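Now for the letters of each chain:
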Amino acid sequence: MTVCPTLETERLVLRPFKDSDFEDYLSMVHSPEVRAALRTSEEEGRAEAWYALAAFAGQWQLRGTGMWALEEKNTGNFVGRTGLHNPERHDWPGVEVGWTLHPDYWGLGYATEAGQEAIRYGFHELSQERLFSTILPENYRSQAVAKRLGFVVIDRRYLSHFPSEPHDIWALDKQEYLSKFS
Ligand SMILES: CC(C)(COP(=O)(O)OP(=O)(O)OC[C@H]1O[C@@H](n2cnc3c(N)ncnc32)[C@H](O)[C@@H]1OP(=O)(O)O)[C@@H](O)C(=O)NCCC(=O)NCCS
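Residues numbered from 1 in each chain as written. Predicted model: local features only at pLDDT ≥ 70, side-chain atom pairs only at ≥ 80, totals over all residues. Heavy atoms only, no water.

*Asks:* Mind showing me how you'd approach the overall build of the protein chain here?
*Replies:* Along the protein chain, the regular secondary structure elements total six helices and eight strands. For the protein chain, the sequential pattern of α-helices and β-strands runs β-β-α-α-α-β-β-β-α-β-α-β-β-α. Taking 16 Å as the expected radius of gyration for a compact globule of 182 residues, we find that the protein chain reaches 15 Å, a close match to that expectation. Projected onto its principal axes, the C-alpha positions of the protein chain cover 40 × 40 × 35 Å. Counting contacts in the protein chain only where the partners sit at least 6 residues apart, residues at least 24 apart contribute 62% of the total. Distance between charge centroids for the protein chain: 4 Å, based on 19 positive and 27 negative side chains. (Helix = DSSP H or I, 4+ residues; strand = E, 2+ residues; numbered from the N terminus. Rg over C-alpha atoms; globule rule 2.2 N^0.38 Å. Contact = heavy atoms within 4.5 Å. Lys, Arg positive; Asp, Glu negative; His and termini not counted. Charge placed at Lys NZ, Arg CZ, Asp CG, Glu CD.)

Here it is in structure tokens:
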């Protein structure tokens, strides 16, 4: 199976996670802003964050999909995660493009820049015909990223891993993507 490749965009390196990223990763996912956006429960602490990180890294080995660590080229700083998420859930729509940045790096265009590269990889290297994104209806910043990348809402439904609120299901078809961006 494909291991996580290292890719580059204009301002970012998309690379495999390292164990030494963990404190920066924790500071991102435990920031009040990210916890609020993702509705992270109070019970989720260091151990749960580490397991999530390990699962993202392991997904590359098992499925050839997963999250990249995002590194800012001009500083080497860890700024967030973006990738292709395809967990084993019966009602998951398919390969999802996901993005989360440390709040210090919001408002710079990094999620859209990394998302573009993840989409290119999903269509061209993984031969997907349709990519998805699952976003809570109140998550306006994430919706703005999805719109900039060309996704449209195709459904709103409850997902089994998050039964308290419905998610919007956003989709981007390869043909639509090629007609707009190639
Ligand atoms: C969702 C999230 C990744 C979006 O981050 P973001 O910084 O708003 O999105 P982008 O990286 O695409 O940046 C876009 C902004 O950068 C600005 N920008 C500045 N310089 C830019 C540049 N060189 N190129 C592009 N955009 C630039 C854009 O104008 C835009 O600003 P605006 O927010 O005022 O409209 C971030 O809010 C986050 O991590 N949220 C918590 C986790 C989360 O909700 N994840 C998604 C779950 S579905």
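Don't stop here, the text continues.
*Asks:* Please clarify how unusual backbone geometry should be interpreted in this entry.
*Replies:* With glycine set apart, most residues show a phi of negative sign, and most peptide bonds adopt trans. The residue Arg39 is not glycine, and still its phi comes out positive at about 55 degrees. Inspection of the secondary structure assignment puts Arg39 in the loop between helix H2 (32-38) and helix H3 (46-63). Residue classification places Arg39 among the partly exposed positions, given a relative accessible area of 35%. Although it is not a glycine, Ser127 adopts a positive phi angle of roughly 55 degrees. Along the chain, Ser127 falls in the loop between helix H4 (110-125) and strand E6 (130-135). (Buried < 20%, exposed > 50% of the residue type's maximum accessible area, 1.4 Å probe, protein only.)

*Asks:* Would you mind showing me how to read the packing of H4 against helix H6 (residues 174-181) here?
*Replies:* Between two packed helices, both the angle of their axes relative to each other and the distance between the axes serve to describe the pair. Interaxial distance between H4 and H6 falls to 11 Å at its minimum, and their mutual angle equals 120 degrees. In terms of orientation, H4 and H6 fall into the oblique class. As for how H4 packs across H6, the hand of that crossing is left-handed. Contacts from Ile119, Arg120, Phe123 and His124 of H4 reach H6 at Lys174, Tyr177 and Leu178. Split by residue class, the contact of H4 with H6 holds four nonpolar, one polar and two charged. (Axes fitted to C-alpha atoms, helices over the stretch in contact; angles between N-to-C directions. Parallel < 35°, antiparallel > 145°, perpendicular 65-115°, else oblique. Left-handed = near helix turned anticlockwise from the far one by under 90°. Nonpolar A, V, L, I, M, F, W, Y, C, P; charged D, E, K, R; others polar.)

*Asks:* Can you help me understand the site of the ligand in this one?
*Replies:* The environment of the ligand is formed by 20 residues, the closest being Trp99, Gly107, Ala111, Thr112 and Asn139. Gly109 places a main-chain nitrogen or oxygen 3.0 Å from an oxygen atom of the ligand. Protein coverage of the free-state accessible area of the ligand, which is 950 Å², stands at 69%. Top contributing element to the shell around the ligand by residue count: helix H5 (residues 140-148), with four residues. When its residues are assigned to classes, the shell around the ligand shows ten nonpolar, seven polar and three charged. (Near = heavy atom within 4 Å. Polar contact = N/O pair within 3.5 Å; in protein donor to acceptor, adjacent residues only side chain to side chain. Areas by Shrake-Rupley, 256 points an atom, 1.4 Å probe, with all protein chains shown as cover.)

*Asks:* How should I be thinking about the environment of Val34 in this particular structure?
*Replies:* Along the chain, the position of Val34 falls in helix H2. Here the alpha-carbon distance between Val34 and Asn139, two residues 105 residues apart in the chain, equals 11 Å. Excluding anything up to four places from it in sequence, Val34 contacts Met28, Val29, Thr40, Thr100, Leu101, Pro103 and Trp106.

*Asks:* For this particular structure, what's the right way to read a negative patch on the surface?
*Replies:* A cluster of like negative charges, contributed by Glu42, Glu43, Glu44 and Glu48, occupies part of the molecular surface. Judged by its relative accessible area of 70%, Glu42 falls in the exposed class. (Patch = residues over 30% accessible without salt bridge, like charges linked within 9 Å, V, L, I, M, F, W, Y side chains within 5 Å. Salt bridge = Lys/Arg side-chain N within 4 Å of Asp/Glu carboxyl O.)

*Asks:* I keep staring at the nonpolar core and nothing clicks. Help me out?
*Replies:* Nonpolar side chains tend to gather and get buried jointly when the protein is soluble and globular. Counting residues in hydrophobic clusters, the biggest one holds 30 residues, and the most contacted among them are Trp68, Leu84, Val97, Trp99, Ile119, Leu131 and Phe151. Mapped by element, the contributors of at least two residues to this core are strand E2 (12-15), strand E3 (66-72), strand E4 (78-85), strand E5 (96-101), H4, E6, H5 and strand E8 (162-173). In terms of residue count, H4 provides more of this core than any other element does, seven residues in total. Once residues within four sequence positions are removed from consideration, Ile119 is found in contact with Val97, Leu131, Leu149, Phe151, Leu172 and Tyr177. Counting residues in hydrophobic clusters, the runner-up holds 13 residues, among them Phe22, Val29, Ala49 and Met67. (Core = buried A, V, L, I, M, F, W, Y, C linked by side-chain atoms within 4.5 Å.)

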